[in-house]
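Each chain, written out:
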Amino acid sequence: MTTGAPPPTQPVRPRRSRVLRFLPLALVAWLVLEIWLLTVVASAAGGLTVFLLLVAGLVLGSLVIKQAGRRAFKNLSEALRQQQSGGEPAADSGGGGAWTMLGGLLLILPGLISDALGLLLLVPPLQKVLSRRAERAFERRVREAAAASPGGFGGAFQQARMRHPDGKVVQGEVIHEDQPPEPGPTPSRTPDDPQLPR
């Protein structure tokens, strides 16, 4: 006996991007390459040299992360102090602190390729280029999300960015037409009021 209800459908799983699909393979390849490079350097320069390089990377990465954390905390406290005093907050340096911390983390990881990438991320001009590219990629993703669901978070974010680029907050009150009015004195209505049924 059929009830007329359609058969249940399987939920559609979102497709994984190519990056997520090949990420495990890339990580395994990176580990194999790091181990191979360490053995090549150890056979050419000696095991003690490789050990000292790894310890130097660990110490340098720890110092870089500590200094970047202190700088970020100092910038945050200055921004809060300026906001409390009513002054304009200082302009952001372009996300260099995040790239510096990532560079320090790569220096801490054992391996020569990660150390080289970590040192590259400590170069300020490269940090600015990467920050601009990351910002463009984020804005493109937000635009794509807004186009996919016009009433979603992406659309609201894009509208706020377009209409208020300076970031000023406009105070206001939301009034919903479908809610009953709050209890209180009601204004007297005349028979000529268009809202009353005749």
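Refer to the structure printed above.
Position labels on residues start from 1 in each chain and follow its written sequence. Given that the model is predicted, a residue must reach a pLDDT of at least 70 before its local features are reported, and side-chain atom pairs must reach 80 or more before they are shown or counted; all residues, however, enter totals for whole chains, interfaces and linings. Hydrogens are left out, water is left out, and the side-chain values use all remaining heavy atoms of the structure.

K.L.:
Quick question: what am I supposed to make of the side chain of Glu 34 here?
P.N.:
Secondary structure follows DSSP: runs of H or I at least 4 residues long count as helices, runs of E at least 2 residues long count as strands, and numbering of each begins at the N terminus. Tracing the chain through its elements places Glu 34 in helix H1 (residues 18-45). A polar contact of 2.8 Å, which involves the side chain of Glu 34, links it to the backbone nitrogen of Leu 112. N or O atoms within 3.5 Å of each other form a polar contact, as long as, within protein, one can give a hydrogen and the other can take it, and as long as residues adjacent in sequence are counted only when both atoms are side-chain atoms. Reaching out from Glu 34, the side chain makes a polar contact with the backbone nitrogen of Ser 114 at a distance of 2.9 Å. Contacts are assigned to residue pairs with any non-hydrogen atoms lying within 4.5 Å of each other. Setting aside anything within four residues of it in sequence, one finds Glu 34 in contact with Gly 111, Leu 112, Ile 113 and Ser 114.

K.L.:
I would appreciate a short explanation of a positive patch on the surface in the present structure.
P.N.:
On the surface, Lys 128, Arg 132, Arg 133 and Arg 136 cluster together into a patch of positive charge. With respect to the secondary-structure elements, Arg 136 resides in helix H5 (residues 124-148). Type-normalised accessible area, obtained with a 1.4 Å probe on protein chains alone, sets the label of each residue: buried when under 20%, exposed when over 50%, and partly exposed for intermediate values. Owing to a relative accessible area of 51%, Arg 136 belongs among the exposed residues under this scheme. Residues enter patches when they are more than 30% accessible in relative terms and free of salt bridges; like-charged ones are connected within 9 Å and nonpolar ones (Val, Leu, Ile, Met, Phe, Trp, Tyr) within 5 Å. For the area figures, the Shrake-Rupley method with a 1.4 Å probe applies, and any residue is considered shielded solely by the protein chains shown. The salt bridge criterion pairs a side-chain nitrogen of Lys or Arg with a carboxyl oxygen of Asp or Glu, the two atoms within 4 Å. Asp and Glu count as negative and Lys and Arg as positive, but His and the ends of the chain are not part of the count. Throughout, a charge is located at the NZ atom of Lys, the CZ atom of Arg, the CG atom of Asp or the CD atom of Glu.

K.L.:
Would you mind going over the side chain of Ser 114 with me for this structure?
P.N.:
Topologically, Ser 114 is positioned in helix H4 (residues 112-121). With a relative accessible area of 1%, Ser 114 lands in the buried category. Within the structure, the side chain of Ser 114 is placed 3.3 Å from the backbone oxygen of Leu 109, a separation counted as a polar contact.

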